[in-house]
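# Residue-level structural notes
Each chain, letter by letter, is given below.
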Amino acid sequence: STLEPNHQYTVAFTHQWSNMTYNAQAKLLDNSRGVEVICPPQMVAPTGAQSKDGLYDVHLVVDNDYRSENRRTLTVGSAESELSSSSTRSASASSFVPIGRK
């Protein structure tokens, strides 16, 4: 199934430990089978005392109203993090399954 054009798509990233949520505009792919999104800068930028490292639940939001029932996860880590053994900031995730309209 595909996502419908003429809708506003946003991706919500919710930190599993702090429940802090960050949102980013998403662009519908040409084949309508997913969206393209860039992590909000505040999620991956170096921070002072409050770390943004960790596991995030990732949901697709349609027209600021419907949120996908399924979710994916995103891990954000830095060189100083216990989550990462690399020397660079990293993020990884997978694709969404479109949600049904009611």
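Residues numbered from 1 in each chain as written. Predicted model: local features only at pLDDT ≥ 70, side-chain atom pairs only at ≥ 80, totals over all residues. Heavy atoms only, no water.

## Quick word on the side chain of Ser32
Structurally, Ser32 is set in the loop between strand 2 (21-28) and strand 3 (35-37). Discounting residues that sit within four places of it in the chain, Ser32 has contacts with Thr2 and Leu3. (Helix = DSSP H or I, 4+ residues; strand = E, 2+ residues; numbered from the N terminus. Contact = heavy atoms within 4.5 Å.)

## What to know about the nonpolar core
Tyr9, Val11, Phe13, Val35, Met43, Tyr56 and Leu74 are the most contacted members of the largest nonpolar core, which has 15 residues in total. Where this core is concerned, the elements lending two or more residues are strand 1 (9-15), strand 2, strand 4 (54-62) and strand 6 (72-77). With 4 residues, strand 4 is the largest single contributor of residues to this core. Those residues in contact with Tyr9 that sit more than four places away from it in its chain are Leu3, Glu4, Gln25, Ala26, Leu28, Val35, Leu60, Val61 and Val62. (Core = buried A, V, L, I, M, F, W, Y, C linked by side-chain atoms within 4.5 Å. Buried < 20%, exposed > 50% of the residue type's maximum accessible area, 1.4 Å probe, protein only.)

## Focus on the pairing of strand 1
A large share of strand 1 lies buried, amounting to 7 of its 7 residues. By the alternation rule, side chains of strand 1 split into Tyr9, Val11, Phe13 and His15 and Thr10, Ala12 and Thr14, which are all buried. Between the end of strand 1 and the start of strand 2, which pair antiparallel, lie 5 residues, with Asn19 showing a positive phi angle near 65 degrees. (Pairing = 2+ DSSP bridges.)

## Considering the side chain of His15
One can find His15 in strand 1. Here Ser18 takes part through its backbone nitrogen, which lies 3.1 Å from a polar atom of the side chain of His15. Among all residues touching His15, those that are not within four sequence positions of it are Met20, Lys52, Asp53, Gly54, Leu55 and Tyr56. (Polar contact = N/O pair within 3.5 Å; in protein donor to acceptor, adjacent residues only side chain to side chain.)

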